[in-house]
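# Understanding the architecture of this molecule
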Amino acid sequence: MGRRLRVAVVGSGPAGLFCAQILTEDTEHDVAVDVFERLPTPFGLVRYGVAPDHQKIKSIVAQLAEVFDSHRVRFLGNVSVGADVTLDELRAHYDAVVLASGAPLDRPLGVPGEDLTGVLAARNFVSWYSGHPDASFDTAVLAAERALVVGVGNVALDVARMLVRTPEELRRTDVPEHVVEALAGHAVREVLVVGRRGPQFAKFTNKELLELAEVESADLVVAPEDLTLSETEQARVAAQPAAKRLLASLQKIADREPRGRDRRIRLLFDRTPVAFLGDTTVTAARLARTSDPTVVEQVDAGLVLPAVGYRSTPLQGAPFDDAAGTIPHRDSRVLDRDGHLSGLYVVGWAKRGPSGVIGTNRLCASETAASVLADAATLPDPGRTPAAIDALLASRGVPVVDWTRWQLIEAAEARLGADRGRERVKLHDRADMLTAAGVRTSAGS
Ligand SMILES: Cc1cc2nc3c(=O)[nH]c(=O)nc-3n(C[C@H](O)[C@H](O)[C@H](O)COP(=O)(O)OP(=O)(O)OC[C@H]3O[C@@H](n4cnc5c(N)ncnc54)[C@H](O)[C@@H]3O)c2cc1C
C-alpha cells in the first residue's frame, strides 16, 4: 500500500457515493474521500427526483449513507464547486477529483409556444414536490383542468401519478406540507400522457404502468385503437419480451371498464406536439399523428409538463460536450482537446447522460474507481492537504454542513413529521435546513 490517496468527489448522488464507497473499500490502496455537495442535503436525485410515493426505492439512502460510517469519507454539504471553491482549487488539494454532478438541466422540446406560462419542464414540478430548495414552481398553473405530460418514460408516469394522488396518500410520504395543500386543492381532472411513437416504444416499465393502473383516485384509460400494430411491428414485439409484456398490460387496461373516478389519466401514443397555443399562458396544444402528420388534433390544456429528459451543465473549469450534454471522457478520465486531464474523472449522469436507474450508477462508479486506482501510482502528490481546503472554506465564510450536521436536518424533519402525525416531513427552505444544521441562527446570521 503506497501513500494515502486523497480524492474529492463533486456531488453526493448515487454515482458519487457509490464511487466513494468502492474507492475506500479497495484493499490494495489507502484512499480517503471528501464528498462535496452544493446542497445541505445528500443523495441527489434519490432525494429530489425519485417519486415520494416510491419509498421502497428511496430506502436505498440507508445503504448509500453507510459510506459515511467510514472515518475515511467526509461529507462537505452546502459547498458549491465552481462558486464556493473552484475546481482548480480542488485539483490543487487532492490527488484526484471525480465529477459526479449529475444532469440538472432540462432538455428542450423545440416546439413553438414552449415559452408560454404553464409550459414547464417536468423537472420543475418534480423539484417542487420533492422539496428541492431551489425549486421554482408557480402553483397558479394547478388551476388548469387538464394537464398534458409530454413523454412516455417513468418520469412522465411519476408526474401523472403525483397529479392525481389524494392528500391522504401524499401525507403517507415525506412531501412538504405546502405541496400536500396545493395538490389537495388543485383543479386538474384529466392528465394526458403523450408519446411520440407507438406503444411498443414506450419507455416506462411494466411495473410503473401497473402501479399507475392501480392508483385508487383516478381511472387509467388507453384507447384500444392506439394499440393496433402492423404485422411487422407485431412480429418485432413478439421477439422482445419486455415490449410484449408492456403491450399485454396496455391491452388489459384498454379492455377495462372505467371505475368512474373523478380524475382520469389517458395514455396517448403516436402523437407529436407541434405547437402550444395561448396569448401569454398556454390554453391548448396541437398534436399531430406521428405516422401521418396531416392528421392534427387540438386539445385544451392549461398545464404542459414536458418530461423528455435531463441534461448536464458545464462545471466551471471542466470541459463540456455541448451536443451530448455530458462531460467528455475516455474510460472515465475527463478529456479536453489535448487529451485527458491528469487526476480528473467523471461518473454517473454527468458522464453517461440521464439514463439508467440508481443501480446503473454502481457499475458506472466501479469503472470510474478502477481508472482512478489504475492511475494511483502516477498521480502527482498535490502537496497541499484537504485540511487546507477546510481552512479555505472557513476563510470564505462558507457554512459547511458535515455528516453530523446533516443528521440534525434529518432529525428536524422527523420532528416536523411527528408534529403533523406523519412519519417525516421534508424541510424545503435552505435557510431552515441551515438553521436545523446549526450553521445558521434563525435570525439569519
Ligand atoms: C424524476 C426522476 C425520477 C427517478 N426515479 C427513479 C426511480 O424510481 N428508480 C431509479 O432507480 N432511478 C430513478 N431515477 C434515476 C436516478 O435518480 C439517477 O440514475 C441517479 O440519481 C443519477 O445519479 P448521479 O449521482 O449521476 O446524479 P444526481 O443524483 O443528480 O446527483 C448529482 C449531485 O451533484 C450535486 N451537484 C451538482 N453540481 C454540483 C456542484 N457544482 N458542486 C457540488 N455538488 C454539485 C447535485 O446537487 C446532486 O446532489 C429518477 C430520475 C429522475 C430525474
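Residues numbered from 1 in each chain as written. Predicted model: local features only at pLDDT ≥ 70, side-chain atom pairs only at ≥ 80, totals over all residues. Heavy atoms only, no water.

Per an unreviewed UniProt entry, the chain goes by the name ferredoxin--NADP(+) reductase and belongs to Actinoplanes palleronii. For the chain, the Cofactor (unreviewed entry) comment in UniProt is given as "FAD". Quoted verbatim from the Catalytic activity (unreviewed entry) heading of the UniProt record, the comment on the chain is "2 reduced [2Fe-2S]-[ferredoxin] + NADP(+) + H(+) = 2 oxidized [2Fe-2S]-[ferredoxin] + NADPH". (UniProt positions renumbered as here; feature names shortened; annotations may be inferred.)

## Some points on the domain arrangement of the chain
Its domain assignment divides the chain into domain 1 (5-104 + 311-400) and domain 2 (108-308). With 11 residues of domain 1 in contact, the opposing surface of domain 2 contributes 17 residues. In total, about 1200 Å² of surface goes out of reach between domain 1 and domain 2, with carbon and sulfur atoms giving 53% of it. Together, Tyr48, Pro52 and Asp53 form the three largest contributors to the area buried by domain 1 at its contact with domain 2, with a combined 46%. Between domain 1 and domain 2 we count five residue pairs in polar contact (both at pLDDT 80 or more) in total. In terms of residue class, the side of domain 1 that touches domain 2 is made up of five nonpolar, three polar and three charged. (Domains from an automatic or database assignment. Contact = heavy atoms within 4.5 Å. Buried area = accessible area lost by both parts, 1.4 Å probe. Polar contact = N/O pair within 3.5 Å; in protein donor to acceptor, adjacent residues only side chain to side chain. Nonpolar A, V, L, I, M, F, W, Y, C, P; charged D, E, K, R; others polar.)

## A closer look at the packing of aromatic side chains
Within the structure shown, the criterion is met by 12 aromatic pairs. Here the aromatic rings of Phe36 and Tyr94 are separated by 6.0 Å at their centres, their planes lie at 90°, and the arrangement is edge-to-face. Of the two residues, Phe36 sits in strand β2 (residues 31-37) while Tyr94 sits in the loop between α5 (87-93) and β4 (96-99), which places them 58 residues apart along the sequence. Ring plane angle 20° and centroid distance 4.0 Å describe the contact between Phe68 and Trp403, whose orientation is recorded as stacked. One end of the pair, Phe68, is in the loop between α4 (60-65) and β3 (73-77); the other, Trp403, is in helix α16 (residues 403-419), and 335 residues separate them in sequence. As far as the burial class goes, Phe68 and Trp403 line up, both buried. (Phe/Tyr/Trp six-rings, centres within 6.5 Å; stacked < 30°, edge-to-face > 60°. Helix = DSSP H or I, 4+ residues; strand = E, 2+ residues; numbered from the N terminus. Buried < 20%, exposed > 50% of the residue type's maximum accessible area, 1.4 Å probe, protein only.)

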